[in-house]
Amino acid sequence: MTVLEGWWAYVFIAIAGWLATDIWRWLGVLAGNRLREDSEALNWVRAVATALVAAVIAKLVLYPTGVLEQSPLWLRLGSVVAGAVAFFAARQKPAIGIATAIGVLAVGLYALGF
């Protein structure tokens, strides 16, 4: 078996993955261009997207894996609260909130000896 004979599986996975996601992206672009900024459909899409992000963050904070699993819950919740406070204090700049939350978590983990 040569090196090139094993690559077909990776090429197939890449093409199948691209086709499965790219079609929906283009359909989203086409549909999104026809929606008004204040339409109910777009408000619903924003609400669902926000809920999904909140659910993923809650899952990461409440049911973590790896090193975070060993960290105390109060530290994880405290870093989220600190990030939210920094986000609103910095006039809703996401980078500030994210950096603050990561910084608080990193300092807390370091202080606890992780």
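My aim in this report is to walk through the structure given alongside it, one point at a time. A quick note: this is a predicted structure, and the numbers were derived from the prediction, not measured.

Here we take up the overall build of the chain. Helix and strand counts for the chain stand at 5 helices and 0 strands. Listed N to C, the secondary structure of the chain is α-α-α-α-α in terms of helices and strands. By the compact-globule yardstick of 13 Å for 114 residues, the chain is too spread out, its C-alpha radius of gyration being 21 Å. When its C-alpha atoms are laid out on the principal axes, the chain stretches across 55 × 50 × 20 Å. Burial analysis of the chain (114 residues in total) assigns 14% to the buried set. Here the chain displays about 9,300 Å² of accessible surface, and carbon together with sulfur accounts for 74% of that area.

This part takes up the packing of aromatic side chains. For the structure shown, the criterion picks out 1 aromatic pair. Taking 4.9 Å as the distance between ring centres and 75 degrees as the angle between the ring planes, the aromatic pair formed by Phe87 and Phe88 counts as edge-to-face.

Each value, and the rule that gives it
Residues numbered from 1 in each chain as written. Predicted model: local features only at pLDDT ≥ 70, side-chain atom pairs only at ≥ 80, totals over all residues. Heavy atoms only, no water. Helix = DSSP H or I, 4+ residues; strand = E, 2+ residues; numbered from the N terminus. Rg over C-alpha atoms; globule rule 2.2 N^0.38 Å. Buried < 20%, exposed > 50% of the residue type's maximum accessible area, 1.4 Å probe, protein only. Areas by Shrake-Rupley, 256 points an atom, 1.4 Å probe, with all protein chains shown as cover. Phe/Tyr/Trp six-rings, centres within 6.5 Å; stacked < 30°, edge-to-face > 60°.

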